[in-house]
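Next come the chains, spelled out residue by residue.
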Amino acid sequence: MTASAVVVGLMSGTSADGIAAAAVRFTEHADAAITADLLAFETTPYSDDERGRILLATERGNPREYCRLSFDLGEWLARAAISVMRSASLGSGDVAAIASHGHTIWHEPGHSTWQIGEAAVIAERTGVDVIANFRVADVAAGGQGAPLVTIADALLFAAAGQWRALQNLGGIANVTVVPPAGFADPVRAFDTGPGCAVIDAVTQMVLPALRFDDRGALARRGTPIESVVTEELRSGFFLANPPKSTGREQFGGDFAERFTAACRIARRAATSEDVIASAVSLTARSIGDAYSRWVPHEATDVLLSGGGARNDALVDAISRALAPRTVRLFDELFFDGEAKEAVAFALLGFLKLIGKPGNVPDATGARGRRVLGALSRASGA
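About the cut-offs
- In every chain, residue numbers begin from 1 and rise along the written sequence.
- Per-residue local features are limited, in this predicted model, to residues with pLDDT of at least 70; the limit for side-chain atom pairs, both in listing and counting, is 80 or more; totals at the level of whole chains, interfaces and linings are taken over all residues.
- Think of the side-chain values as coming from all heavy atoms in the structure, minus any hydrogens and water.
- Working definition: helices are DSSP H or I runs of at least four residues, strands are E runs of at least two. Numbering for both runs from the N terminus.
- Computation of the radius of gyration draws on C-alpha atoms, with the globule rule given as 2.2 Å multiplied by the number of residues to the power 0.38.
- Burial status follows relative accessibility: with a 1.4 Å probe on protein chains alone, a residue under 20% of its type maximum counts as buried, one over 50% as exposed, and anything between as partly exposed.
- We call two residues in contact when some of their heavy atoms are within 4.5 Å.
- For accessible areas, the Shrake-Rupley method is used with a probe of radius 1.4 Å. Any residue's cover is judged against the shown protein chains and nothing else.
- Strands are treated as partners if at least two bridges between them are detected by DSSP.
- A crossover gets the label right-handed when its path from the first strand over the helix to the second runs clockwise, viewed with the strands pointing away from the viewer.
- Interaxial angles span 0 to 180 degrees and are taken between N-to-C directions of axes, which are lines fitted to C-alpha atoms, for helices over the stretch in contact.
- Counted charges follow a simple rule, with Lys and Arg positive, Asp and Glu negative, and His plus the chain ends left uncounted.
- In the sections that follow, a salt bridge refers to a side-chain nitrogen of Lys or Arg positioned within 4 Å of a carboxyl oxygen of Asp or Glu.
- We define a polar contact as two N or O atoms separated by no more than 3.5 Å, with the added condition that, inside protein, one atom must be a possible hydrogen donor and the other a possible acceptor, whereas residues neighbouring each other in sequence contribute only through side-chain atom pairs.
- To form a nonpolar core, buried Ala, Val, Leu, Ile, Met, Phe, Trp, Tyr and Cys residues must be joined to one another through side-chain atoms within 4.5 Å.
- Computed over the protein atoms alone on a 1 Å grid, cavities are sets of points where a 1.4 Å probe fits but cannot get out and pockets are open sets with protein on both sides within 12 Å along at least five of seven lines; a residue lines them when it has an atom within 4 Å of a point.
- Grid points are joined across faces, edges and corners, and a volume is the space filled by probe spheres set on the points.
- When residues are sorted by character, Ala, Val, Leu, Ile, Met, Phe, Trp, Tyr, Cys and Pro go into the nonpolar class, Asp, Glu, Lys and Arg into the charged class, and all the rest, Gly among them, into the polar class.

J.: Honestly, the overall build of the chain in this entry has me stumped. Any pointers?
T.: Helix and strand counts for the chain stand at 15 helices and 13 strands. Relative to the 2.2 N^0.38 estimate, which gives 21 Å for 381 residues, the radius of gyration of the chain is 20 Å and therefore close to what a compact globule would have. Principal-axis analysis of the C-alpha atoms places the extent of the chain at approximately 65 × 50 × 35 Å. Looking at the chain as a whole, 56% of its 381 residues are labelled buried. A separation of at least 24 residues holds for 70% of the contacts in the chain among residues at least 6 apart in sequence. Just so you have it, the chain exposes about 15100 Å², and 51% of that area is on carbon and sulfur atoms.

J.: How should I be thinking about the pairing of strand β12 (residues 326–329) in this particular structure?
T.: Consecutive residues of a regular strand have side chains that alternate between opposite faces of the sheet. Looking at chain direction, strand β11 (residues 301–305) and β12 are connected through four bridges and run parallel. In the strand pairing of β12, Leu304 is matched with Leu329. Of the crossover connections in this fold, the one passing from β11 over helix α13 (residues 312–322) to the parallel β12 is right-handed.

J.: Is there a simple way to think about the sheet that holds strand β8 (residues 164–169) in this case?
T.: One key point about sheets: their strands pair by backbone hydrogen bonds, in either a parallel or an antiparallel sense. The strand order across the open sheet built from five strands is β10-β9-β8-β11-β12, with neighbouring strands paired in mixed fashion. Of all the strands in the sheet, the pair left with one neighbour each is β10 (188–194) and β12. Taken over all neighbouring pairs, the strand axes of this sheet differ in orientation by 20 degrees on average, direction set aside. Note: strand β9 (residues 172–178) against β10, six bridges, orientation antiparallel. Each bridged residue has a counterpart across the sheet, and for Val177 the counterpart in β10 is Arg188. The sheet strands contacting helix α12 (residues 272–294) are β8, β9, β10 and β11, and the helix crosses β10 at an angle near 150 degrees.

J.: How do you make sense of unusual backbone geometry when you look at a structure like this?
T.: Among all residues save glycine, negative phi is the norm, and among peptide bonds the norm is trans. Here the amide bond leading from Ala146 into Pro147 is cis, since omega sits at -10 degrees, within 30 degrees of zero. With respect to the secondary-structure elements, Pro147 resides in the loop between α4 (136–140) and α5 (150–156). In this model, Pro242 is joined to Pro243 through a cis peptide bond whose omega is 0 degrees. Locating Pro243 in the fold gives a position in the loop between α9 (236–239) and α10 (248–251). In the Ramachandran plot, Ser89 falls in the positive-phi region, its phi being about 60 degrees despite a non-glycine side chain.

J.: I keep staring at the side chain of Arg135 and nothing clicks. Help me out?
T.: Secondary-structure assignment places Arg135 in the loop between β7 (130–132) and α4. Although buried, Arg135 forms no salt bridge, and the nearest oppositely charged side chain, Glu341, lies 5.6 Å from it. At 3.1 Å, the side chain of Arg135 forms a polar contact with the side chain of His101. Aside from chain neighbours lying at most four places away, what touches Arg135 is His101, Thr104, Thr113, Gln115, Gly145, Ala146, Leu148 and Phe345.

J.: Which parts of the structure should I look at to understand α13?
T.: One turn of the α-helix equals 3.6 residues, which is why residues spaced by three or four share an orientation. When α13 is considered as a whole, its buried residues turn out to be Ala313, Leu314, Val315, Ala317, Ile318 and Leu322. For α13, the elements touching its buried residues are β8, α6 (197–206), α7 (217–221), α12, β11 and β12.

J.: Whenever I open this one, the sheet that holds strand β1 (residues 3–12) confuses me. Can you help?
T.: Pairing is mixed across the open sheet formed by six strands, whose spatial order is β3-β2-β1-β4-β7-β13. Unpaired on one side and paired on the other, β3 (34–45) and β13 (374–376) mark the two borders of the sheet. Neighbour-to-neighbour, the strand axes of this sheet turn through a mean angle of 25 degrees, independent of strand direction.

J.: Help me understand the nonpolar core, please; the structure alone is not making it clear to me.
T.: In globular proteins that are soluble, nonpolar side chains generally tend to be buried together. In this structure, Val202, Phe259, Leu282, Tyr291, Leu304 and Ile318 are the most contacted members of the largest nonpolar core, which totals 50 residues. With 11 residues, the top contributor of residues to this core is α12. Excluding residues within four positions of it along the chain, Leu304 makes contact with Gln167, Leu169, Ala309, Val315, Ile318, Val327, Arg328, Leu329 and Phe330. Counting 37 residues, the second-largest nonpolar core is a separate cluster that includes Met11, Ile34, Leu347 and Val360.

J.: What should I look at first to understand the layout of surface pockets in this one?
T.: Any empty space left between atoms is shown by rolling a water-sized probe over those atoms. In this model, the largest pocket occupies a volume close to 740 Å³. Around the largest pocket, the lining is made up of 36 residues, and of these Ser15, Asp17, Gly306, Gly307 and Glu338 lie nearest the centre. Residue assignment for the lining of the largest pocket shows that the elements contributing at least two residues are β1, β2 (18–28), β3, β8, α6 and α14 (340–353). Looking at the lining of the largest pocket residue by residue, the class counts come to 10 nonpolar, 16 polar and 10 charged.

J.: For this particular structure, what's the right way to read helix α3 (residues 119–126)?
T.: All of the buried residues along α3 are Ala119, Val121, Ile122, Ala123 and Thr126. Tucked into the core, α3 has its buried residues touching α2 (63–87), β4 (97–100), β7 and β13. The residue sitting at the N-terminus of α3 and contributing the capping side-chain oxygen is Glu118; that oxygen lies 3.3 Å from the backbone nitrogen of Ala120. Looking one or two residues beyond α3, the residue adopting positive phi is Gly127, at roughly 75 degrees.

Take a look at the structure:
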């Protein structure tokens, strides 16, 4: 017997660039295998004001702003869901659920995690049931609450006959190492450190008119200050054993400010391009170090996804750091890599609907497998 449903996945990542929305048809087959058909994908960039409010809240908000932002973000998420449903020619009755990650305001592994984006607002505006708060059940079970894309990597993107590493480059970078399709070896996953968060923040500090370094053009003109990068890689998070996860709490504006100052001190004549190149080196070398310590040599096929995969300087630096592994873009084998996390949370929503666990304890450290997410019913549902 097969089960099939359309789920819309919504993701607002650590970079706070905007909302990724994916409409996906999932089918669970008689052999328990799950397949996914991406019907539509869209990104909705945040305005400068919206992004500013999100970043301010993650670093020094207040109760009133947290409350207002959660409801406002619910409105923005609802609009993104309606838009992608329209693109896929789907009405509210065609969609089984909207799976919304929301936006992480605080993530403290071992204690708590908090994502905002009011699910009841999304349900009210769209007329579709909403599943949200995916991370909390794993944290309650002693897990890191991240990475949660692991289940999608294992079920949807495994390779036939070889190990594969799926490296996401959002604000924070994380890797999932999956065995060959059909093998029962455990899946492992963890955050490797900063992805684009530090690169973007440093770029804005040294060149305030810019949000980010487009395609890595500025970093290509700079020379990394490797002594600063080496010193940073000696800090606690980079050396801690998996399972582990992180966020802007460790790699936010304060870190970027300190990193920029260290670059200026280490090289008095450092250009803005040198500082940005150093941030790129930090992400690439932290990934390289993580692979050398915790990713098996059998995982020679590496697929990059997320916003950082559009930064050519970063992709080249990662390729050098991971040599002789083969580094490719996720897009080359599947769909737009920027859709991957939205698809992953849509899958978590589908698993919730069919009553199956969505976490991978080997990756998060939870005491066991848990069905993830809390359901908000649409009016009349």
